[in-house]
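The lines below spell out each chain.
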Amino acid sequence: MTTRLQDLKSRLEIGSPGVRMVGIWGVGGSGKTTLASSLYMESSCYFDGHHIVENIREESNKYGLKRLQENILSAFLKAKVEVHSIVEGKHMIKNMLRQRNVLIILDDVNDVDQLEALAGSHKWFGSGSRIIITTRDEHLLRTHKVDEVCPIRLLSHDEAIQLFNIHAFNEKDPTEDYDTLSLRVVSYAAGLPLALKVFGSFIYGRKKNEWISALDKLKDLPDLKVMDILKVSYDGLETYQKKLFLDIACFFRGERKSKAMKILEACDFHPEIGTEVLRQKSLITIVDGRFDMHDLIQEMGHYIVRGEHPNNPEKHSRVWKREEIINMCFGDATMENEIIEAIEFDGYSCDHDQSSRFCKIVSNMKKLRWLNVGMGVCEYEGPNFLSNELQYIKWHGYPASSFPKSFQPMKLVVLKLQGSMQKEVWEGCKHLPHLKVLQLRHMKKLLSTPDFHGLPCLQKLTLFCCYELEEIHPSLEKLTSLEYLKVLDCPKLRMFPTVVHMENLKKLGIEACCLEDGEIPSGIGCKKLLELPKLPSNLAILLADGCNSLTTVGDCHQNCKWLCQVSLRGGGIINDGGRLLQSMLEGKAVENGPMLLRLPGVEVAKTFTPPLLVGSRCRLQLPENWCNDFGGFLMCAIFIHKLYGSDCVWIRMNEATSDTNAQDDVVWEESVRDKYRSTWVWYISFGSLRHTTWWDQTHKALLLSIEKSRCTSFGIRLIGKKSRSGLTGISIDSSSDYTSKFKIEHDSKSALTISLTAYAQGLY
């Protein structure tokens, strides 16, 4: 508590002139009120007047804001005051306190109207006044424009043990026999003071066997007092925010935010604003790009889902525990279920019988909207019914049967099938007006794709390792909504629709297929392709690795002015790679984002100026005013081996010191071995670096090195600012799915390490 109290004091700046409002923000039961009260008891003597307004959320609901205004006025006037309206109360508080130096604690605020009625602005109070607000809602504090937001820190392990011992044993150190049991409680509470106090008080004076029984109970039945206090934040949410929170608590804690957000978007939960509200209300956190939350907050979510039927998962809205689902499989498989709306099942170890039983219970779920299934076998009886409420389906190991004929999921947004034995996904043409993502992976017996006429909103299509697939339905070429198209390792594919009319296509990747020029007059393929065909003008990413006969990019450099990533590895030598590079540098996409070009051989490297140096290091001398006269760094490197997958290059940048010796630098010269190597060229704009700590316009020279990759030669130069007027098209955000992934790995005044990932995923 001492450290937290000192931190709060430093933010309040007690004794200095002016008025300061400081908010203490955190989850329920985290010690906000305790901290504010401690400050009040210690510092109230320094003010002309002081008052604590307790339990504002509860008191305002019971008695209204006028009663709270009257309490404040009465406390400072030391006589009973009557307020006839909230507006009158505001004027009275302002007139009474604007010349006085006061300390006011506003405890448990949950609505901005409360702040406007009780402490409307800094002008209400005299110089030297301090207003402390405790709340679970950070946004409320930001809206009221407080001077500081002080996030409450939960207790450390040692602090938690001390607090628990005080309540459980009335002393700081427990009886020796209870050490292990005490640690179990402390671990369960995870630093939440409320839980430690409640659990400690409950088991005070009880016998050891009663302790063990109480702890075992917590595994299945959480403490209701703790749950009720935590649940206050949940109760204040809107309906869609409640559903969003419960989905995260049940399915997505620990999941990458970027991945989970797209799934939640498919469920129409408005996750961009929704997750921010949950974070501001201390219900979730984002740690290293992943969703997280306090253990007891998650338990509260599970408690809400289980409701009045904790041991009957068939009456839960969400089901995710494997043991419960297996038990359901051996229950009454004929009873319809209109309660379960989301289910996640790991059935990889299930046999034929269990898999078939699972499909039977899924067939009874009439309100299912979210389905994530993994099966280890494919020879089992599939579902005879699937809910038409489904918005998201991911199924690994779907059986050989097509989807049921009655399945007309008008709300479906994402369909991902993997390892299925289906020959066709569904019979005929289905109208799915909201489907945005269709991913078919390792569909070993798939003969044809669906008819795309019924998928007017499809944005992302992936066909991966569909070994029997011979034809993509020709209706694809009329799908103007498509943004992402990737076809990989479909060796029997012979016909590919035209892509040039796909005006919104931003990422195109076709690899390890056996298409030929004569079979794709206006498409793109590999193996025997000699020249890149005409491509959509808004294309941002082109992946065409393994085109063995490709020697020219054709008119690609003239038509595609939004390219930010091109990969043509594993093929022939590209004769006009320099033209493509120049076109990409002059394009709109690289104004404030990265650009990457990967080509086989070293043709582009041979013409790079200044010449590449042998090794993975090089030095760049910077001219005067370099940060204003130029737009970015252009780097070129040769790698000794082919790189596959989500290739990532790390570049470290240091200011070169005067003792950096450039005399040992050796200029790279082409050799016979270089024909088996690949060239990477990437551009990094100054706009993506100016926000870093490392950025300093006084730098005179830089020393750069490539790390974690086998680089044989490396070079760099500055690129001047280009006039890009006249370019029109769809703007591509540098943080979107359709750019090379640029990331700051280390940032300090002395050094900057960045990584550039080649394959932008762009997938749900």
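Our subject is the structure listed above.
All values reported here derive from a predicted model rather than from experimental measurement.

Caption draft 1: Quick peek at the sheet that holds strand β5 (residues 148–151). The strand order across the open sheet formed by five strands is β2-β3-β4-β1-β5, and the pairing between neighbours is parallel. The open sheet has two edge strands, β2 (49–53) and β5, and neither has a second partner. For this sheet, the mean inter-axis angle between neighbouring strands, taken without regard to orientation, is 15°. Sheet topology note: the strand β1 (residues 20–25)/strand β4 (residues 130–135) ladder contains six bridges and is parallel. Pairing of G23 across the sheet is with I133, part of β4.

Caption draft 2: The arrangement of the pattern of salt bridges in detail. Within this structure, the stated rule accounts for 27 salt bridges. Among the salt bridges present, the one from E159 reaches R4, with a minimum N-O distance of 3.1 Å. In this pair, E159 is assigned in helix α8 (residues 157–169) and R4 in helix α1 (residues 2–12), connecting sequence segments 155 residues apart. With its nearest N and O atoms 3.3 Å apart, the salt bridge here joins K62 to E58. Of the two residues, K62 and E58 are both situated in helix α3 (residues 56–63); the distance of four residues between them amounts to about one turn of the helix. With relative accessibility at 34%, the residue E58 sits in the partly exposed group. Residues joined by salt bridges that share partners form a network here, namely D7, R11, R20 and E148.

Caption draft 3: A look at the pairing of strand β23 (residues 648–655). When β23 meets strand β28 (residues 751–757), the two strands line up antiparallel, connected through seven bridges. Paired with W650 across the bridge in β28 is S755. For β23 and strand β25 (residues 701–707), the ladder comprises six bridges, and the chain directions are antiparallel. Across the sheet, E655 pairs through a bridge with L702, a residue of β25.

Caption draft 4: Fine view of the nonpolar core. F358, W395, L415 and L485 are the most contacted members of the largest nonpolar core, which has 92 residues in total. Each residue touching L415, except ones within four places of it in the same chain, is listed here: I393, F403, V425, W426, L435, V437, L438 and Q439. Counting 62 residues, the second largest nonpolar core, distinct from the first, contains L215, M227, L244 and I284.

Thresholds, definitions, all that
Residues numbered from 1 in each chain as written. Predicted model: local features only at pLDDT ≥ 70, side-chain atom pairs only at ≥ 80, totals over all residues. Heavy atoms only, no water. Pairing = 2+ DSSP bridges. Helix = DSSP H or I, 4+ residues; strand = E, 2+ residues; numbered from the N terminus. Axes fitted to C-alpha atoms, helices over the stretch in contact; angles between N-to-C directions. Salt bridge = Lys/Arg side-chain N within 4 Å of Asp/Glu carboxyl O. Buried < 20%, exposed > 50% of the residue type's maximum accessible area, 1.4 Å probe, protein only. Core = buried A, V, L, I, M, F, W, Y, C linked by side-chain atoms within 4.5 Å. Contact = heavy atoms within 4.5 Å.

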